[in-house]
Amino acid sequence: MDYIVLDMEWNQPWPGSPSARKVLPVQIRGEIIQIGAVKTDKNMNPVDTFKMYVRLAGGRRLDRYVKKLTHITDADIASGEDFPMAAPEFAAWLKDVDAIFSWGADDRRVFLNNL
């Protein structure tokens, strides 16, 4: 029996910033920039980890508040995968897990929105 503890980071403009008022061709409320997870056994002992940076679509840059909060840089993001490549790689890593836990309800919503 394996469990996953998931923690994702995503880029979103700080409310009230000029970036928050920009009209985008596709509305995404939080674009994933990092997928992080720990796989544990039934006793919650870590057995594996997953960490992947995800590039922002359309050459967008990280919001400065997100940089400050996460300590993720534009260089980190540039070294990542595009989301259409990252999602299947993460899904393959999730194979045969019994449950996924997250730090909050937003991770699921943001992941589904990015899909």
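No experiment lies behind these values; they were computed from the predicted model shown.

Draft legend 1. Broad picture of the overall build of the protein chain. If you tally the helices and strands in the protein chain, you get four helices and four strands. Starting at the N terminus and ending at the C terminus, the protein chain contains elements arranged as β-β-β-α-α-α-β-α. Looking at the 115 residues of the protein chain, the share that counts as buried comes to 35%. Here the protein chain displays about 7600 Å² of accessible surface, and carbon together with sulfur accounts for 55% of that area.

Draft legend 2. The pairing of strand β2 (residues 31-40), seen in detail. Among the ten residues of β2, nine are classified as buried, and the element is accordingly described as predominantly covered. Pairing of strand β1 (residues 3-11) with β2, which is carried by nine bridges, proceeds in the antiparallel orientation. Residue pairing across strands places Val5 opposite Val38, the latter belonging to β2. Direction of pairing for β2 relative to strand β3 (residues 46-53): antiparallel, over a ladder of seven bridges. Following the sheet pairing, Ile35 is matched in β3 by Met52. Where β2 folds back onto β3 in an antiparallel hairpin, the turn is made up of five residues, including Met44, whose phi is positive at roughly 70°.

Draft legend 3. Representation of the sheet that holds β3 in the model. Strand order across the open sheet formed by four strands is β3-β2-β1-β4, with mixed pairing between neighbours. Each of the sheet's edge strands pairs with one partner strand only, and the pair in question is β3 and β4 (99-102). Between one strand axis and the next, the sheet turns by 25° as a mean value, whatever way the strands run. Against the sheet, helix α3 (residues 83-93) makes contact with β1, β2 and β3, and its axis sits at roughly 175° relative to β3, the strand it touches most. Contacts between helix α4 (residues 106-114) and the sheet are confined to β1, β2 and β4, with β1 contributing the most and set at about 65° to the helix.

Draft legend 4. Structural view of the side chain of Asn11. With respect to the helices and strands, the residue Asn11 is situated in strand β1. Taking relative accessible area as the criterion, Asn11 reaches 12% and is therefore assigned buried. Here the side chain of Asn11 touches Asp63 through a polar contact of 2.8 Å, landing on its backbone nitrogen. Beyond its immediate stretch of four places on either side in the chain, Asn11 contacts Gly30, Glu31, Ile33, Leu56, Arg61, Leu62, Asp63 and Val66.

Draft legend 5. Looking closely at the pattern of salt bridges. Enumeration over the complete set of coordinates arrives at three salt bridges. The residue Arg55 makes a salt bridge to Asp82 at a minimum N-O spacing of 3.0 Å. Taken together, the positions of Arg55 in the loop between β3 and α1 (64-70) and Asp82 in the loop between α2 (74-78) and α3 put the pair 27 residues apart, joining distant regions of the chain. Note on Arg55: relative accessible area 31%, which makes it partly exposed. Measuring nitrogen to oxygen at the nearest pair gives 3.5 Å for the salt bridge that ties Arg109 to Asp106. Residue Arg109 and its partner Asp106 are both found in helix α4; the two are separated by three residues, about one turn of the helix. Assessed through its relative accessible area of 39%, Asp106 is described here as partly exposed.

Rules and cut-offs
- Residues numbered from 1 in each chain as written.
- Predicted model: local features only at pLDDT ≥ 70, side-chain atom pairs only at ≥ 80, totals over all residues.
- Heavy atoms only, no water.
- Helix = DSSP H or I, 4+ residues; strand = E, 2+ residues; numbered from the N terminus.
- Buried < 20%, exposed > 50% of the residue type's maximum accessible area, 1.4 Å probe, protein only.
- Areas by Shrake-Rupley, 256 points an atom, 1.4 Å probe, with all protein chains shown as cover.
- Pairing = 2+ DSSP bridges.
- Axes fitted to C-alpha atoms, helices over the stretch in contact; angles between N-to-C directions.
- Contact = heavy atoms within 4.5 Å.
- Polar contact = N/O pair within 3.5 Å; in protein donor to acceptor, adjacent residues only side chain to side chain.
- Salt bridge = Lys/Arg side-chain N within 4 Å of Asp/Glu carboxyl O.

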